[in-house]
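Observations on the three-dimensional arrangement
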Amino acid sequence: MKQIYLDNAATTQVDSKVFLAMKPYFFKKYGNASEPHRMGQEARLAVEQAREKVADFLGVKQEEIIFTSGATESINLAHKGLIEALNFKNPHIITSSVEHKAVLETCKYLENKEIATVTYLPVNEYGLVNIQNLEKAITDQTVLVSIMYANNEVGTIQPIKEIGALLKKQDHKIYFHTDATQAIQYLDCSVDNLGVDLLSFSGHKIYAPKGVGALYIRKGTPLKSQMRGGGQEGGLRAGTENVPYLVGLGKAVEMIYDLRFKNDDSVKKLQSLLIEEVLKIPGVKLTGHPAERLPHIASFIVEGVEGESLVLLLSDKGISASTGSACTASDLVPSHVLSAMGIKAEDAHGSLRFSLGKDTTEQDIRSVVEVLPGIIDRLRRMAPKL
Ligand code: PLP
């Protein structure tokens, strides 16, 4: 059965060009980048070239990029590292209620350990943060604002540039972090345009392997390493560099220019087609902002069915999609993002997300919209009548 992969927001396939760039660093060029001999220096050069690619893409200096194992680690380092390094009495963080768990759980940790206080900003029905609310939440103690560039469940894009400008106007320095994991493939990530001090992302959402990522740290931003050891990455992230993966990350970031040039419009067109067709099914609503959304995420609420059942029946037809609600042993837990957007728990259970990628075709979309109404109908007929 042909597989139709529409879960690119969860992870992407490693691109063959990325894999080919990485391959020599597993076999022939396997030196440790900290060693002074020829093989070590060959590996060092590859790491620094990868760093240059990431730095160029973000419009920053190479020394402002730290490599990590992914967005989760970058986010942990940015939040905990900043708060620890500032050594401020009663630091205050502002974030949003629709962040990825990597941000929310890190903030909760800092709160529970009484290291910082945190304000979780509400969002509107589209998942958007309100700048006036953010401004009102700022206190003399606020040291960090962390707002994601775009949401992974519903694709809503936050007004990062406006937030950056607002924070610059404050009397005291407030550091600004953005989680750009879903945005990096599609949106402007020049950090000076955005006005951010810290930016996190992962390789596996942009056709590099899982387990590699980066953190941009604006020069002068205090940060304490969360990993003690050999002092790699300027002392901020100890541990032998994963040379092949870093080479892969550099290649994937370099490929973004090309993909944007070739694909941006086509992904958006396919997204529009998918949304238009899916919304023809009765009792289906789009989630997220109708316009300010990433081009690859199309997310819906399907009334009267459970997202997990939809995902499983789509999977039987060779289609990979995802749902925001997670089934625990005893209960169905609705997505915190949909709940924050004011969607009732019983509706949030019917969440369905398709996320497109560079290889998605019109035929893929047509095949999905052909089988989806039948699947929804079947599940609705099976649902117990209350
Ligand atoms: N932030 C966002 C917006 C994401 O979508 C993800 C992954 O789903 C992460 C952070 C965490 O990325 P990773 O699991 O690669 O560390």
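So, a few notes on the structure that sits alongside this text. Since the model is a prediction, treat every value here as computed from it, not as a measurement.

The next point concerns the sheet that holds strand β2 (residues 65-68). Taken together, seven strands build an open sheet; the order of strands is β2-β8-β7-β6-β5-β3-β4 and the sheet is mixed. Here the strands that pair on one side only, and so sit at the sheet edges, are β2 and β4 (117-121). When the angles between neighbouring strand axes are averaged without regard to direction, this sheet yields 20°. Note: strand β6 (residues 175-179) against strand β7 (residues 198-202), three bridges, orientation parallel. Opposite Thr 178, over in β7, you have Leu 199 as the bridge partner. Packing of helix α3 (residues 38-58) onto the sheet brings it into contact with β2, β7 and β8 (213-217), and relative to β2 it is tilted by some 120°.

Space inside the largest pocket adds up to approximately 600 Å³. What lines the largest pocket is a set of 37 residues, among which His 100, Lys 101, Asn 152, Glu 153 and Arg 353 lie closest to the centre. Every element with two or more residues in the lining of the largest pocket is listed here: α4 (71-86), α5 (101-112), β10 (297-302), α11 (336-340) and β14 (351-355). Among the residues forming the lining of the largest pocket, the class breakdown is 15 nonpolar, 16 polar and six charged. When residues of the lining of the largest pocket are assigned to domains, at least three fall in each of domain 1 (4-12 + 262-382) and domain 2 (16-254).

Our next topic: the sheet that holds strand β9 (residues 284-287). Taken in spatial order, the three strands line up as β9-β10-β14 in an open sheet, and their pairing is antiparallel. Since the sheet does not close on itself, it has two edges, and those belong to β9 and β14, each with one partner. Shown here is a sheet whose adjacent strand axes are inclined to one another by a mean of 30°, direction ignored. Bridge analysis of β9 against β10 gives four bridges, and the strand direction is antiparallel. Bridge pairing links Thr 287 to Ser 299 in β10.

Each value, and the rule that gives it
- Residues numbered from 1 in each chain as written.
- Predicted model: local features only at pLDDT ≥ 70, side-chain atom pairs only at ≥ 80, totals over all residues.
- Heavy atoms only, no water.
- Pairing = 2+ DSSP bridges.
- Helix = DSSP H or I, 4+ residues; strand = E, 2+ residues; numbered from the N terminus.
- Axes fitted to C-alpha atoms, helices over the stretch in contact; angles between N-to-C directions.
- Contact = heavy atoms within 4.5 Å.
- 1 Å grid on protein atoms, 1.4 Å probe; cavity = no way out; pocket = protein on both sides within 12 Å on 5 of 7 lines; lining within 4 Å.
- Points joined across faces, edges and corners; volume = space filled by probe spheres on them.
- Nonpolar A, V, L, I, M, F, W, Y, C, P; charged D, E, K, R; others polar.
- Domains from an automatic or database assignment.

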